[in-house]
Amino acid sequence: MKKSVLKLSVLFTLIILFASNLNVNAQGKVTVSPSVTTRHYWRGIMVSNTANFEMDLAYTNNNFTFGAWGGYGFDNTYSEFDFHVGYKFNDHFNIAVWDLFANRDRASIDDYNYLDLDRATTNHLIDASFNFYFTEKFPLSLSVSTMLYGRDLDENGDQNYSTYVELGYPVTIGGEKISLFAGLNAFEDQVYGESFGFVNIGATATREIKITESFSLNAWAKVAINPQAETANLILGIGF
C-alpha cells in the first residue's frame, strides 16, 4: 500500500513540476467536452455494447495538454476513468500518454484498487502514442500506440506490449467531411487480435449542427469493420 501511494505521489509530482515550468498565461485554457455515444468502440474493440456518456476535462497551455477522461454506460455495465498528458512538438508530430483505468468482466472500476500499481495485479494500463501528420497537400496521419505497463500481460505474466498502428486520411464527399482509417494489430497474441493484420477499418463522418449563433452540436457517425473478429458496427455520437 505504501509503495503504491509513493509511486502515485512521484508520478503526480513530476506532472505538477512539468506543468509549473510552463508559461501559464492567457493562452492556457480549460475545455469541457461531454458527449453521448451509442457504443464505446476503441481500436477495433467493443469496450461497451451500450449507450454511453463520456466526458473529457482538459487544460491546454502552449503545446502541453493535461486532462481526465471518463466514460459510463447507461446500463451501469461499463465505467472508465483515465488521466492523459500530451505534448505537441509541431504541426507534424505529437505524443500522448494515457493511464487507462477501465472495468473488466462487467465489474465497476470501484471494485478495483486504484492505488494498486503492481504489474501482476494492477487494473491500470499505461498506453503511449506517437502521432505523425504529413502535409496539407498530403494529409495522411500515422499513429503508433504501445501498451507499456499494466494489465497487458502474456500467459507467462510478462509485459505483452500490445501495439496498434493506424493510418488516417480525410476526404470530402458531397460536402461532408469523411475520415478514412485503417488500424493494424502489429504482433501476434495481442489485446487487439490473435495475429498480425487489420483489426479496424472504416470511416467517420462528422457534421456541425448549429442550434443558435453561439451554440452548436458536433454529430458523427462511424462505420467500423474488424476483419479478424469478423464484426461490423455503426456507432453514432453527439458532442456538446
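For the structure, see preceding data.
**Things to note about the packing of aromatic side chains**
On inspection of all chains with the given rule, the structure shows 11 aromatic pairs. An angle of 75 degrees between the planes, with centres 5.1 Å apart, marks the rings of F81 and F83 as edge-to-face. Note on F81: relative accessible area 28%, which makes it partly exposed. Ring centres 5.2 Å apart and planes at 15 degrees place the aromatic pair F89 and F93 in the stacked group. Accessibility expressed as a relative area gives 21% for F93, which makes it partly exposed. Put simply, the rings of F66, F81, F83, F101 and Y114 pair up and form one aromatic cluster. We note K222 situated over the ring of F181; from NZ or CZ to the ring centre the distance is 5.7 Å.

**Structural notes on the nonpolar core**
One broad trend across soluble globular proteins is that nonpolar side chains are buried collectively. Judged by nonpolar contacts, L100, L125, M147, Y164, Y192 and V199 together constitute the single largest core of 6 residues. In this structure Y164 touches R43, S143, V144, S145, G183, L184, Y192, V199 and N200, once residues within four positions along its chain are discounted.

**Overview of the pairing of strand β11 (residues 176-185)**
Note that strand β10 (residues 163-173) and β11 share 10 bridges and pair antiparallel. When the bridges of β11 are listed, V171 appears paired with I178. Where β10 folds back onto β11 in an antiparallel hairpin, the turn is made up of 2 residues, including G174, whose phi is positive at roughly 60 degrees. Sheet topology note: the β11/strand β12 (residues 197-210) ladder contains 9 bridges and is antiparallel. In the sheet register, L180 faces β12, and the bridge partner there is A203.

**Some thoughts on the sheet that holds β11**
Reading around the barrel, the 12 strands line up as β1-β4-β5-β6-β7-β8-β9-β10-β11-β12-β13-β14 and close back on themselves, with antiparallel pairing between neighbours. Averaged over all neighbouring strand pairs, the angle between strand axes comes to 20 degrees, with direction disregarded.

**Digging into a negative patch on the surface**
Taken together, E155, E188, D189 and E194 make up a surface patch of like negative charges. You can see E155 is positioned in the loop between β9 (141-150) and β10. Exposure remark for E155: the relative accessible area of 80% places this residue in the exposed category.

**Focus on the pattern of salt bridges**
Evaluation of the coordinates by the stated rule reveals 4 salt bridges. Where D91 meets K88, a salt bridge forms, and the shortest distance between an N and an O atom there is 3.4 Å. Residue E176 pairs with R207 through a salt bridge whose shortest N-O separation is 2.4 Å. One end of the pair, E176, is in strand β11; the other, R207, is in strand β12, with 31 residues separating them in the sequence.

**A look at a nonpolar patch on the surface**
Taken together, the side chains of F130, F132, F134, F138, Y169 and L180 present a nonpolar region at the surface, about 530 Å² in accessible area. Along the chain, F138 turns up in the loop between β8 (124-133) and β9.

**What to know about the pairing of strand β6 (residues 79-90)**
Taken together, the 9 bridges between strand β5 (residues 64-73) and β6 define a ladder with antiparallel strand orientation. Bridging across to β6, G67 finds its partner in H84. The hairpin formed by β5 and β6 contains 5 residues between the paired strands, and N76 there has a positive phi angle of roughly 65 degrees. Taken together, the 7 bridges between β6 and strand β7 (residues 93-101) define a ladder with antiparallel strand orientation. Note that in β7 the partner of H84 across the bridge is W98. Hairpin geometry of β6 and β7 is characterised by an intervening segment of 2 residues between the two adjacent antiparallel strands.

Rules of the game
Residues numbered from 1 in each chain as written. Predicted model: local features only at pLDDT ≥ 70, side-chain atom pairs only at ≥ 80, totals over all residues. Heavy atoms only, no water. Phe/Tyr/Trp six-rings, centres within 6.5 Å; stacked < 30°, edge-to-face > 60°. Buried < 20%, exposed > 50% of the residue type's maximum accessible area, 1.4 Å probe, protein only. Lys NZ or Arg CZ within 6 Å of the ring centre and 35° of its normal. Core = buried A, V, L, I, M, F, W, Y, C linked by side-chain atoms within 4.5 Å. Contact = heavy atoms within 4.5 Å. Pairing = 2+ DSSP bridges. Helix = DSSP H or I, 4+ residues; strand = E, 2+ residues; numbered from the N terminus. Axes fitted to C-alpha atoms, helices over the stretch in contact; angles between N-to-C directions. Patch = residues over 30% accessible without salt bridge, like charges linked within 9 Å, V, L, I, M, F, W, Y side chains within 5 Å. Areas by Shrake-Rupley, 256 points an atom, 1.4 Å probe, with all protein chains shown as cover. Salt bridge = Lys/Arg side-chain N within 4 Å of Asp/Glu carboxyl O. Lys, Arg positive; Asp, Glu negative; His and termini not counted. Charge placed at Lys NZ, Arg CZ, Asp CG, Glu CD.

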